[in-house]
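One-letter residues, chain by chain:
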Amino acid sequence: MSKKNPEYDFKWCPGCGDFGVRRAIEFAMINRLEETGLPMENNVVVAGIGCSGNLVHLLEGQQPYGFHGIHGRTLPVAMGVKMARPELNVLVVAGDGDFLSIGGEHIGPQAARNLNICAVVMDNGVYGLTKGQSSPTTQLGTVTSSTPYGKIEAEADPLELYLTLGATFIASGFSGQPRELAKLINQGMDHEGFAMVHVQSPCTTYNDTYELMKGNARKGIEPLMYDIPEEHDASDKGAAYNLVQQRGMPVGIIYKDETRPSLQQRVDEIKAKAPRRSVEELMDSFAF
Amino acid sequence: MQMRDFVVRFAGEGGQGVVTSAEGLAQASTQVGYHALTYATFPSQILGGPTWTQARISVDPILSAGDDVDVLVAFNREAYDTHREDVREGGLVIYNSNDFDLEGDDRSYGLPVDELARSTGNNRAANMVIMGALAHLVNMPQAYLEQFVEARFRRGRANDDEIIDSNNLALKLGRDESASSGFSLGDLTPPAMPEYPQIMLKGNEAICLGALAAGLDFYVGYPISPATTILVFMERNLVGEGKFAYQVSSEIESITTILGAGYAGKKAMTATAGPGFSLMSEGLGLGWMAEIPLVVVDVQRGGPATGLPTKTEQSDLLACMYPAHGDVKLPVIAVGTVEECFFGAVKALNWAERYQGPVILMTEMALAERVQNIHRPDLSKVQPERRLVYDGSNGYNRYQGYELSPMPLPGSPGAYVANGSEHDEMGDTTHLPSRHIQMTERRFSKLKLLEENEYEADNADEAVVMMPWGGSKGPALEAYNQLREQNVPVGWYYTMLLSPLPPALLEELKQKELVIVPELNYQGQFSGILRSQGVNAVSITQYTGLPFKVRDLVERITEMTNSHPKEMVRA
Ligand SMILES: Cc1ncc(C[n+]2csc(CCOP(=O)(O)OP(=O)(O)O)c2C)c(N)n1
Ligand code: SF4
Ligand SMILES: [Mg+2]
């Protein structure tokens, strides 16, 4: 909404990876609109707190609904929206700090429930908005404002974490490739279950990883990023583990399990057994 | 001697039938037209452990659990030793002589409960042996109890008759044994069956029914005493098209999940106790800021931290009145009786919809677990409210103006960002002073929509008045009635609506010389709030984990009125 709205006063730094994620999400939502014919208002973007979450205010063109709440709580808010109104398409956008640190406790339960939403994590390996402190994905030893002598904790491996927690769709992408990323996001949205799209979205101000990701032949730096080979079987969890344990940053779909029912399907199935009683009937059971 | 009312305390070990006996007696009595109220305490361990439940049976509607125990039923020696002193002078003790024996207590007698039950061929009839014995003590006709046995055990099974016969036999054996002891308390006045339809239930169940009657769609919660029974009820009964109930992973999930559901258009609620309420603080602020209807029920127990999980207290008031950081003020409703649990829940859901924001409904352990007969709520008088929903085309600004405005729902035109950061009319984050002024005033202005002059007032011309809140209403009202009988010049005020207070009530209170607030906390939380609003209020406090005794209130209020000579003159 930024172009239309001079009062909105947040801007991403030049070159910030989040611009690319925003493009990808705009593409994905337009794709969805064209495929399903459902209006843009059918999409709800639940945003975390961070530079990343500001995406919900910066989307151009037709506007989806947005929810910009409190730090770390995108997943339970998304659950509330989705279980209240299953016909809505719910998309989460959050930073690595928001999603994996303060909000980390919510990933396991939603993966176990197989909540039917798509979560896009914008990983820049740092707390951008609070100006450069270490995050769970900051590499061990890195100097940041809150780790002046180098980061003490080992870095988290989000892709392996999602696999272990039981997410039924896991993709990994790069903000520098918005078209490709949009395709991953569209597949995540179409997936009937808990879909994680983990995106490397470099922070040019506090943790510029573009060179690391893309490599630099002149300096002899090998790219970390590589496309997942065609022969990778995404339905094979063992193969998915092998992939994420290799060095480098795979791009594409790592894992996809289409056999597990979503939370909604399970609720519908199990609660179909429940007797439905009106308030009068319930009161009858207390009458004497 | 005629008795209008009697109090039985059942004490023993968890699993010995303490609760079932008390609730059985209450049910049997209400079926023939008495009023009944039980007060339960919980053992602090899962299996076994000392526990007790009190049942008060009366010809008249009941306000409190009763100060004095007429009969103690002691299932074991420890129970006898612990509770013997609470038995009033002239009261009696029945003890299970199959468990222990006593000598030298001329106000007690042993009942071989297990042996008598066994002799009926139905070991599970032990409760009936006890009930029979109690019936003799107050000369309650055997037919009353047989009616209860019939209602409880006639379920269309092949062996119904057998079960009913053995229970009736157990009643008779208990009664005969009691009669042969030679003890008796008097004659309980015959009941007068109320002319209105009744239901008998616990406070938490009444909250659930009220919420459903108000159109609740969505409930999530996390187990915590004494709020768990609400989750359990909802998981079982909030089912069907468009309804959802679920156990989530923490109270942070509870509040943020219902924020999502409320935003998406549903009537959403959660319930918790103090520790969970603390975790919801940030989410409640978000609900206020983003203007999202939802209800949080706080079933108070002793606090802070893990506190006294199985005891009652009214010590969360300050937390509920000031539940979040920043400039925020959430509506607070506190219920005082089982009936109010129902109507308070209706009101809370309606308020949330009406002003588009979070509402806090306070109740407490002693109410949550109390079983009481109440006038069956007339659903035709319940009018569920629905938020103002935007139904125009795109190009709408959700947060326009200084007052309540229609709320767009996802899926329909009017897309906006529900924003917990300060925002402009479209919901985009902004730091402009003019916007912060507008939005702050907008949020506070909506509270005006909740100003309702619903309160009780009696002898309102007195200069000294009582004004309890929440569950202390019952004992306070009983004390008030006694005080008036003794010509103590004191008036009565009460409301469920603690914030915003009914404006007319506040005006009246400001005129009083003294407003006495009985409340179960150390600080005198409500009187402090009243003083901050210009009312000369003082508290009568108690922090034992137990409800007030009527006698204590009568004594303390009499003293307080005595030390106010001016009022004595006026009266
Ligand atoms: C409860 C709470 N604690 C701390 C903060 C401060 N805070 C705002 S954003 C942020 C971290 C953001 O990092 P990340 O999620 O990685 O987002 P990025 O800015 O890097 O996109 C923190 C700690 C907050 N808003 N709320
Ligand atoms: S600080 Fe980093 S993440 Fe934040 S806007 Fe700037 S470049 Fe992007
Ligand atoms: Mg980050």
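Trainee: How do you make sense of the pattern of salt bridges when you look at a structure like this?
Mentor: It is possible for side chains of opposite charge to pair when their charged atoms get near one another. Across all of its chains, the model carries 42 salt bridges over all chains by this definition. Here Glu280(A) and Arg376(B) are joined by a salt bridge, their closest N and O atoms 2.7 Å apart. Separated into two different chains, Glu280(A) in helix H11 (residues 279-284) and Arg376(B) in the loop between strand E16 (371-375) and strand E17 (417-419) make up a pair that spans both. For the salt bridge of Glu385(B) with Arg354(B), the shortest nitrogen-to-oxygen distance reads 2.8 Å. Of this pair, Glu385(B) sits in the loop between E16 and E17 while Arg354(B) sits in helix H13 (residues 338-355), placing them 31 residues apart in sequence. For Glu385(B), a relative accessible area of 24% puts it in the partly exposed group. Relative accessible area serves as the criterion here: at 22%, Arg354(B) is assigned to the partly exposed category. Look at the salt bridges and you will find they share partners, linking Lys347(B), Arg354(B), Glu385(B), Glu452(B) and Glu454(B) into a network.

Trainee: How do you make sense of the interface of chain B and chain A when you look at a structure like this?
Mentor: How large an interface is tends to be reported as the accessible area lost when its parts come together. Listed per partner, the contact involves 66 residues of chain B and 49 residues of chain A. When the two sides are added together, the surface that chain B and chain A hide from each other amounts to roughly 4,900 Å², 62% of it contributed by carbon and sulfur. Here chain B and chain A share 5 salt bridges between them. Counting the contacts that link chain B with chain A gives 28 residue pairs in polar contact (both at pLDDT 80 or more). Across the side of chain B that touches chain A, the residue classes break down as 32 nonpolar, 24 polar and 10 charged. By the bridge criterion, 3 bridges tie strand E2 (residues 65-68) of chain A to E17(B) in an arrangement that is parallel. Looking at E17(B), one finds that His68(A) is bridged to Asn419(B).

Trainee: Is there a simple way to explain the site of ligand 1 in this structure?
Mentor: Near ligand 1, the surroundings consist of 17 residues, among which Cys51(A), Ser52(A), Asp96(A), Gly97(A) and Asp98(A) are the closest. Ligand 1 sits at a junction of chains, with neighbouring residues supplied by chains A and B. Val126(A) is positioned with one of its backbone polar atoms (N or O) 3.0 Å from an oxygen atom of ligand 1. In this structure, an oxygen atom belonging to ligand 1 sits 2.9 Å away from a main-chain N or O atom of Gly128(A). Isolated, ligand 1 exposes 590 Å² of accessible area, and the fraction of that covered by the protein chains is 76%. With 4 residues, the top contributor of residues to the shell around ligand 1 is helix H4 (residues 96-102) of chain A. Residues of the shell around ligand 1, tallied by class, amount to 6 nonpolar, 8 polar and 3 charged.

Trainee: So what exactly am I meant to see when it comes to the nonpolar core here?
Mentor: If you look at soluble globular proteins, the nonpolar side chains tend to sit buried side by side. Core analysis: the biggest nonpolar cluster contains 167 residues, and Phe99(A), Tyr162(A), Ile230(B), Met234(B), Met269(B) and Phe526(B) have the highest contact counts within it. Per element, the largest residue contribution to this core is 10 residues, and it comes from H13(B). Not counting residues up to four positions away in its chain, the partners in contact with Met269(B) are Ile207(B), Ala211(B), Leu216(B), Phe218(B), Tyr219(B), Val220(B), Ile230(B), Met234(B), Ile258(B), Val295(B), Val297(B) and Leu349(B). If you look at the next biggest cluster of nonpolar residues, it comprises 51 residues, including Val18(B), Leu25(B), Val32(B) and Leu92(B).

Trainee: Even after reading the chapter, I still don't get the sheet that holds strand E18 (residues 456-458) of chain B, so can you show me in this structure?
Mentor: Paired through their backbone hydrogen bonds, the strands of a sheet run either parallel or antiparallel. All names here are of chain B. Read across the open sheet, the 5 strands follow the order E18-E20-E19-E22-E23; overall the sheet is mixed. Looking along the sheet, the strands with just one partner apiece sit at the ends: E18 and strand E23 (537-541). When strand polarity is set aside, the average angle formed by the axes of neighbouring strands in this sheet is 25 degrees. Relative to strand E20 (residues 491-494), E18 is paired through 3 bridges, and the arrangement is antiparallel. Looking at E20, one finds that Asp 458 is bridged to Trp 492. In the packing of helix H18 (residues 525-532) onto the sheet, contacts are made with strand E22 (514-519) and E23, and the angle to E22 comes to roughly 150 degrees.

Trainee: Could you clarify how one ought to interpret the coordination of the magnesium ion (ligand 3) in this entry?
Mentor: Coordination angles at a metal have ideal targets, namely 109.5 degrees for four tetrahedral donors and 90 or 180 degrees for six octahedral donors. Residue and element names in this part refer to chain A. Protein-derived ligands of the magnesium ion (ligand 3) are Asp 96 (OD), Asn 124 (OD1) and Val 126 (O), with the metal-ligand distances lying across 2.1 to 2.2 Å. All donors of the magnesium ion (ligand 3) come from a single chain, and their spacing in sequence reads D-x27-N-x1-V. The class of Asn 124 is buried, set by a relative accessible area of 12%.

Trainee: Whenever I open this one, the domain arrangement of chain B confuses me. Can you help?
Mentor: Residue and element names in this part refer to chain B. Split by domain assignment, chain B resolves into domain 1 (2-188), domain 2 (200-381), domain 3 (388-450) and domain 4 (456-563). Just the C-alpha atoms count here: the centres of domain 2 and domain 3 sit 25 Å apart. Taken together, the 18 residues of domain 2 in the interface contact 24 residues of domain 3. Surface buried jointly by domain 2 and domain 3 totals about 1,900 Å² across both partners, of which 64% is contributed by carbon and sulfur atoms. Of all residues in domain 2, Tyr 263, Met 289 and Glu 291 give up the largest surface area on contact with domain 3, accounting jointly for 35% of the area buried on that side. For the interface between domain 2 and domain 3, the tally reads 2 salt bridges. Every element with two or more residues in the side of domain 2 that touches domain 3 is listed here: helix H9 (251-263), helix H11 (281-290) and H13. For the side of domain 2 that touches domain 3, the element with the highest residue contribution is H11, accounting for 4 residues. Across the side of domain 2 that touches domain 3, the residue classes tally to 11 nonpolar, 3 polar and 4 charged.

Trainee: Explanation requested: the packing of aromatic side chains in the structure shown.
Mentor: The geometry of an aromatic ring pair is captured by two quantities: the separation of the ring centres and the angle between the planes. Overall, the coordinates contain 21 aromatic pairs over all chains when judged by the stated rule. An angle of 55 degrees between the planes, with centres 6.3 Å apart, marks the rings of Trp469(B) and Phe526(B) as tilted. Here Trp469(B), found in the loop between strand E19 (464-466) and helix H16 (473-485), pairs with Phe526(B), found in helix H18; they are 57 residues apart in sequence, far enough to count as distant. Considering the side-chain rings of Tyr522(B) and Tyr543(B), the 5.1 Å spacing of their centres and the 70 degrees angle between planes classify their relative orientation as edge-to-face. Pair noted here: Tyr522(B) is in the loop between E22 and H18 and Tyr543(B) is in the loop between E23 and helix H19 (550-562), with a separation of 21 residues, a long-range link. Accessibility expressed as a relative area gives 62% for Tyr522(B), which makes it exposed. Judged by relative accessible area, which is 49%, Tyr543(B) ranks as partly exposed. What links up through ring pairs into an aromatic cluster is the set Tyr65(A), Phe67(A), Tyr263(B), Tyr399(B) and Tyr416(B).

Criteria and cut-off values
- Residues numbered from 1 in each chain as written.
- Chains lettered and ligands numbered in written order.
- Predicted model: local features only at pLDDT ≥ 70, side-chain atom pairs only at ≥ 80, totals over all residues.
- Heavy atoms only, no water.
- Salt bridge = Lys/Arg side-chain N within 4 Å of Asp/Glu carboxyl O.
- Helix = DSSP H or I, 4+ residues; strand = E, 2+ residues; numbered from the N terminus.
- Buried < 20%, exposed > 50% of the residue type's maximum accessible area, 1.4 Å probe, protein only.
- Contact = heavy atoms within 4.5 Å.
- Buried area = accessible area lost by both parts, 1.4 Å probe.
- Polar contact = N/O pair within 3.5 Å; in protein donor to acceptor, adjacent residues only side chain to side chain.
- Nonpolar A, V, L, I, M, F, W, Y, C, P; charged D, E, K, R; others polar.
- Pairing = 2+ DSSP bridges.
- Near = heavy atom within 4 Å.
- Areas by Shrake-Rupley, 256 points an atom, 1.4 Å probe, with all protein chains shown as cover.
- Core = buried A, V, L, I, M, F, W, Y, C linked by side-chain atoms within 4.5 Å.
- Axes fitted to C-alpha atoms, helices over the stretch in contact; angles between N-to-C directions.
- Donors = N, O, S within 2.8 Å, 3.2 Å for Na, K, Ca; no water.
- Domains from an automatic or database assignment.
- Phe/Tyr/Trp six-rings, centres within 6.5 Å; stacked < 30°, edge-to-face > 60°.

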